[in-house]
Each structure stands twice: as structure tokens, then as C-alpha cells.
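# Geometric and topological summary
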Amino acid sequence: MTRKRLMLVMVLVTAVVLLWPIDGSYTQAKTGDPLVDGFLLVEVASVSDAVEQITGQRAHMSSDIQPLFPAKIAGPAVTVAFKKEEHNDGAADFQGALDAIDSAPPGSVYVITFEDGQDVSGIGGLMGTAMKVRNLAGAVIDAGARDTPQLRKIQFPTFSRGPVPSTSINHYRFVGSNIEIMCAGVKVRPHDIVVADEDGVAVVPRDRAKEVLDKAIENDQTEHAMYPFIEKFKSIKKAVAEYGRI
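These lines cover the structure that appears in this document, whether it is placed above or below. What you see is a predicted model; the values in this text were computed from it and never measured. (Residues numbered from 1 in each chain as written. Predicted model: local features only at pLDDT ≥ 70, side-chain atom pairs only at ≥ 80, totals over all residues. Heavy atoms only, no water.)

### Section: the nonpolar core
Formed by 46 residues in total, the largest nonpolar core has its most connected members in Met61, Tyr110, Val111, Met131 and Val140. Looking at which element gives the most residues to this core, the answer is strand S3 (residues 71-84), with seven residues. Aside from chain neighbours lying at most four places away, what touches Met131 is Ile101, Tyr110, Ile123, Leu136, Ala139 and Phe156. Among the nonpolar cores identified, the runner-up in size contains 19 residues, and Phe39, Ala50, Val51 and Leu213 belong to it. (Core = buried A, V, L, I, M, F, W, Y, C linked by side-chain atoms within 4.5 Å. Buried < 20%, exposed > 50% of the residue type's maximum accessible area, 1.4 Å probe, protein only. Helix = DSSP H or I, 4+ residues; strand = E, 2+ residues; numbered from the N terminus. Contact = heavy atoms within 4.5 Å.)

### Concerning the packing of aromatic side chains
Applying the stated criterion across every chain, the model contains six aromatic pairs. With centroids separated by 5.7 Å and ring planes inclined at 70 degrees, the aromatic side chains of Phe82 and Phe174 adopt a geometry described as edge-to-face. Placement of Phe82 in strand S3 and of Phe174 in strand S9 (residues 172-177) is noted, with a sequence separation of 92 residues between them. Each member of the aromatic cluster is reached from another via a ring pair, and the members are Phe82, Phe94, Phe114, Tyr172 and Phe174. (Phe/Tyr/Trp six-rings, centres within 6.5 Å; stacked < 30°, edge-to-face > 60°.)

### Quick word on the pattern of salt bridges
In total, this model carries twelve salt bridges according to the counting rule given. One salt bridge in this structure joins Arg161 and Asp64, with 2.9 Å as the shortest N-O distance. Highlighted residues: Arg161 in the loop between strand S8 (158-160) and S9 and Asp64 in the loop between helix H3 (44-55) and strand S2 (66-67), separated in sequence by 97 residues. Overall, the relative accessible area of 24% leaves Arg161 in the partly exposed class. For the salt bridge of Arg189 with Asp192, the shortest nitrogen-to-oxygen distance reads 3.4 Å. (Salt bridge = Lys/Arg side-chain N within 4 Å of Asp/Glu carboxyl O.)

So, in C-alpha cells, the structure goes:
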């Protein structure tokens, strides 16, 4: 191997090492929106606490909603809803959901809910690929997901109730897009900020987002300061008394 080629290989290897997360997880790139990018820097647990502290309302989705692979995302919601109904024109009826994908702004989080949809797929490889190439931040599905090898292959962050092989076509009817929905126990409105990581999914009301972010940063900083305190004094009771957080 020539010296020039060896140097090129070393550069490429270094680039891969620097760009590949040490823990194997996916972290969304910055969007250029300071508010959304701020939520990428705090833990979802801190965001969930912050929403509850500020609004008095639950912010976290059901613990059944889990990532297909470790990922951290944040972005404004594009919402879609389906109701349970048997019929025979499913492909045509699904067009509303496809339109929502093709019109979603880059950086959006696609949030879709299916009535009693635990055992049907709300996303597959085709939809996930379309969202990926349109630069959506990710998808949150109040139902199952299928074609999971494809979704992992393209590294499209998907949070769902788990892998299922079944289809929702002909079993569900489109209700609407960019409307207020209930998704896994939480109200989601268009443009609310959806934040998700390995702990789960939280929804931030858009009109309170700056307050929530500031409080989430405070929660994060306090908790992270407590770790070395606990290690030093070997007491969580002393740490809670010192910092006032648990």
C-alpha cells in the first residue's frame, strides 16, 4: 500500500471513529432551531419532570412506547390519527397518512395513533424510508412497527409498542392529520415538541417550551452534580438534603 493510500485510509478510519457514537446509539443532528436543539442536550426524564413542575400535567407517554434501537431525538410534532374500522379500501384510505409524511417539514417528529392498535403495525420500511429521506427526526407510533431490519438498517429512530408483522390496512380508517390527538396517554398538538430517548417519550406544549427547557436544564445540572456527591459521601439521603432533588 502506498503512503498516500495509507494516509487516506487512516483519515477515513479516524472520521468513522469520531462520528460513530461510543455507546452505539443514534443522536439526531442539530436542527438550527435553538429551542429544539436545546432539548437534544437534556435527558427526557428531566424534560418530563419539568413539564409536570411547570404545568401540573403528565408529559410522558406509556412505558410501552420503546425505541427500536437506542436513539435521542427532538422536534415539532406532525400528528396523524386512525380509528378501528373494517373495510376494503384501505390503500386509498391510507393516503391521508402518506400526504402527512410527504408534506412534513424536515426535523419533524411523526406522531401517529391507532385506536386499540397494540397488535397492528403503524409504520413499516416504506414509510420509514420516506421519512428518513425527507429528513424527519423520527417517528412515535401508538401501535407496533414492522420491517424492523430495514428501519434499523437506515437508522430511522422509531418509538413504538414493539415489533409486529401485521398490517393496519383495511382494519383502520384515517381520521385526520395535524389535529390534536391522544398518543399513549398524552395529548399531542401539532408543533408541540416531542423529545425521546432510551427512557421514553415526553411531549412539551409549544407555548411553554422555553420555560420547560430552562427547568429541564436546571433539573439535569442538579442531578448530575449529585452523582459525585453521592460517590464521595456514600449517601443519597445527604445528597437529597443538599440539592433538594430526587
